[in-house]
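# Breakdown of the fold
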Amino acid sequence: MTQAGKITMRFALILAFALAAAACTTPARSSAQSTASAPPSPSTSAVPVTLLPGMPPPIDPHDVYAADRPGRLSPAVRRDRVLVYVPNFGSGTVSVIDPRTYRVIRTVRVGAGPQHVVPSWDLKTLWVNNNSGNSLTPIDPITGRFGRPVAVDDPYNLYFTPDGRFAVVMAETRRQIVFRDPHTMAVKHVLPVGCAGVNHADFSTDGRYFIVTCEFSGDLVKVDTAAQRIVGRLHLPGKAMPQDIKISPDGRTWYVADMQTSGVWLLNGDTLTVSAFLPTGQGAHGLYPSRDSRYLYVANRGEGSISLISFATRRIVRKWILPGHTSPDMGGVSADGRVLWLSGRYDREVYAIDTTTGHLIARIPVGVQPHGLCVWPQPGRYSLGHTGILR
């Protein structure tokens, strides 16, 4: 059998396993509704929502990313310096890049093991997640100055509830989700998750729940935002390693990057069930919506490529292959939507990619193991965290 045939058979077996496993579970884990080759057509009707109290109402009920269009900068960020902040996990530093010249203008030492640079809910602070150093380093985005670290245990990743009331720390090693004060970072509630490698998340359209990926156990955990309790679990088929997760513009489909299975799972978040699987490329890792809400960029870290999924058809419409040896990981899209910025996790560099052509504009040397870089400022009214989930 050819290598292509083996790969095709592999994905067929995975989906067959998903269908068989789901058929033996409760309705909350019902069978998949489609195959990877023919995903179902998304509904075009508006999502009826009863919002999480205190959450800003969506600009467009059809599109959770409507506030993220090019040029729609909040008054809170219009004086901020235009920079790209790159946490170098292995170096314990943050490289600061001028996106106009594609050059590092400054390298700042922070705590040990910085994983991500995360904008706060009110867009006034950028937080460096010093995972091994058990601290968060604040950055003033107006000046670009780094402040005094705040003690926070095991901050692999950081999110904020849509109402702005809580910071949500993904304490990966502790197997906990820790709800904290969004300003002082004082602990308010600790939620044990019972899975390994809790790290990435996204929120539903109404803000009433969020779904978290557990990388090392292959699980997804659904959390009630207000009650701060787990309301659902799903173990993905095979030897899954779920990474980044993003909701579709219409709020009806969730996309989960799977680094081990080398593709993206499509889910119904309300029922927490698998609907399809799209093979994208080896080591699927980071997920980023385009500024026009048309595409989802998938960084395939293991093969040095970017797959584009159409939100309208739920199909892969093109693939960009980066030249040379590359390892595209985490990042974000420029404010004008023209450049996709991704860290090269195992190549000590950052990639700037033209979103019109897919061509590599620049590869910029940085520190050891660059990870969750943050492009700043970005359009949007408030931040849900990670490297910039703005709505």
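Report follows, based on the coordinates.

The rules behind these values
- Residues numbered from 1 in each chain as written.
- Predicted model: local features only at pLDDT ≥ 70, side-chain atom pairs only at ≥ 80, totals over all residues.
- Heavy atoms only, no water.
- Pairing = 2+ DSSP bridges.
- Helix = DSSP H or I, 4+ residues; strand = E, 2+ residues; numbered from the N terminus.
- Axes fitted to C-alpha atoms, helices over the stretch in contact; angles between N-to-C directions.
- Salt bridge = Lys/Arg side-chain N within 4 Å of Asp/Glu carboxyl O.
- Buried < 20%, exposed > 50% of the residue type's maximum accessible area, 1.4 Å probe, protein only.

So, about the sheet that holds strand E27 (residues 349-354). An order of E25-E26-E27-E28 is seen for the 4 strands of this open sheet, with the pairing classed as antiparallel. Among the strands making up the open sheet, the edge pair consists of strand E25 (328-333) and strand E28 (360-365). Neighbour to neighbour, the strand axes of the sheet diverge by 20° on average, direction disregarded. Of the strand pairs in this sheet, E25 and strand E26 (residues 339-344) are connected by 4 bridges, and their pairing is antiparallel. Pairing of Gly331 across the sheet is with Leu342, part of E26.

The tally for this structure, following the rule as stated, stands at 9 salt bridges. The residue Arg69 makes a salt bridge to Asp63 at a minimum N-O spacing of 2.7 Å. On the accessibility criterion, Arg69 (23% relative accessible area) is partly exposed. Using a relative accessible area of 7% as the deciding quantity, one classes Asp63 as buried. Close ionic contact of Arg391 with Asp202 constitutes a salt bridge, the shortest N to O distance being 3.1 Å.

In terms of backbone geometry, most residues other than glycine have negative phi values and most peptide bonds are trans. Going from Trp376 to Pro377, the amide bond is cis rather than trans, its omega being 0°. Among the structural elements, Pro377 can be located in the segment after strand E29 (374-376). For Asp154, which is not glycine, the phi dihedral falls at a positive 50°. Phi is positive for Leu272, close to 55°, though the residue is something other than glycine. Structurally, Leu272 can be placed in the loop between strand E19 (263-268) and strand E20 (273-279).

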